[in-house]
Amino acid sequence: MADLIITRAVLEDSATKLQHISDELEHQKSDDRALTEVYGQHDVQKAMHDFSGDWKIHRNKMKGAVKDLHDKMQKSVEHWSALEQDLHDKLTTESQPTEGQAA
């Protein structure tokens, strides 16, 4: 079985990519009225209108899920950084003199 290697850079990169996905979903349009003349035939207009309404509903669900995942990824980055720092502090073998102590 392969070892799973996670780095802070991977977590931060994932959080950044999730933010980009969230931004793209935020700026998507579902308004089909501007293109009614392009579709021409009534059945096509109706199909695109139905698709537009469905897209709006499902896009909002996806936006919520991506935002939730992004928030969790941000917390993972924070916890990972704290864990790394804690391990670093505990594994330091050199004794660091404090104020008033001789080195």
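Anyway, here's the lowdown on the structure attached to this text. (Residues numbered from 1 in each chain as written. Predicted model: local features only at pLDDT ≥ 70, side-chain atom pairs only at ≥ 80, totals over all residues. Heavy atoms only, no water.)

## Remarks on helix H3 (residues 42-91)
- Compared with the 74 Å implied by 1.5 Å per residue over 50 residues, the 71 Å span of H3 between its first and last C-alpha is a close match.
- Turning to H3, its buried residues number three or more, namely Ser 52, Arg 59, Lys 63, Val 66, His 70, Met 73 and Val 77.
- Check the buried side of H3 and you find it contacts helix H1 (8-27). (Helix = DSSP H or I, 4+ residues; strand = E, 2+ residues; numbered from the N terminus. Expected span 1.5 Å × (residues − 1). Buried < 20%, exposed > 50% of the residue type's maximum accessible area, 1.4 Å probe, protein only. Contact = heavy atoms within 4.5 Å.)

## Side note on H1
- For H1, which comprises 20 residues, the first-to-last C-alpha distance of 29 Å matches the rise-based estimate of 28 Å (1.5 Å per residue) to within 8%.
- Within the span of H1, buried status applies to Leu 11, Ala 15, Leu 18, Ser 22 and Leu 25. Mapping the buried residues of H1 onto a view down its axis gives an arc of 85°, with all of them on the same face. What points out from H1, more than 90 degrees from its buried face, is the exposed set Ala 9, His 20, Glu 24 and His 27.
- Residues of H1 that are buried make contact with H3. (Arc of directions from axis to C-beta.)

## Considering the nonpolar core
- Ranked by size, the top nonpolar core spans seven residues in total: Leu 11, Ala 15, Leu 18, Leu 25, Val 66, Met 73 and Val 77.
- The contact partners of Met 73, leaving out residues within four places of it in the chain, are Leu 11, Ser 14, Ala 15 and Leu 18. (Core = buried A, V, L, I, M, F, W, Y, C linked by side-chain atoms within 4.5 Å.)

## Some remarks on the packing of H1 against H3
- H3 packs onto H1 with a crossing angle of 160° between their chain directions and a minimal axis gap of 9 Å. As the angle between them shows, H1 and H3 are arranged roughly antiparallel. The handedness of the crossing between H1 and H3 comes out as left-handed.
- Looking at side-chain class alone, the contact of H1 with H3 contains 12 nonpolar, seven polar and six charged residues. (Axes fitted to C-alpha atoms, helices over the stretch in contact; angles between N-to-C directions. Parallel < 35°, antiparallel > 145°, perpendicular 65-115°, else oblique. Left-handed = near helix turned anticlockwise from the far one by under 90°. Nonpolar A, V, L, I, M, F, W, Y, C, P; charged D, E, K, R; others polar.)

## Some details on the pattern of salt bridges
- Enumeration according to the criterion identifies seven salt bridges in this entry.
- Of the charged contacts, one joins Lys 63 and Glu 26 as a salt bridge, the two residues approaching to 3.4 Å between their closest N and O atoms. Linking Lys 63 in helix H3 with Glu 26 in helix H1, this pair joins segments that are 37 residues apart in sequence.
- Classification of Lys 63 as buried rests on a relative accessible area of 18%.
- Residue Glu 26 is classed as partly exposed on the basis of its relative accessible area of 48%. (Salt bridge = Lys/Arg side-chain N within 4 Å of Asp/Glu carboxyl O.)

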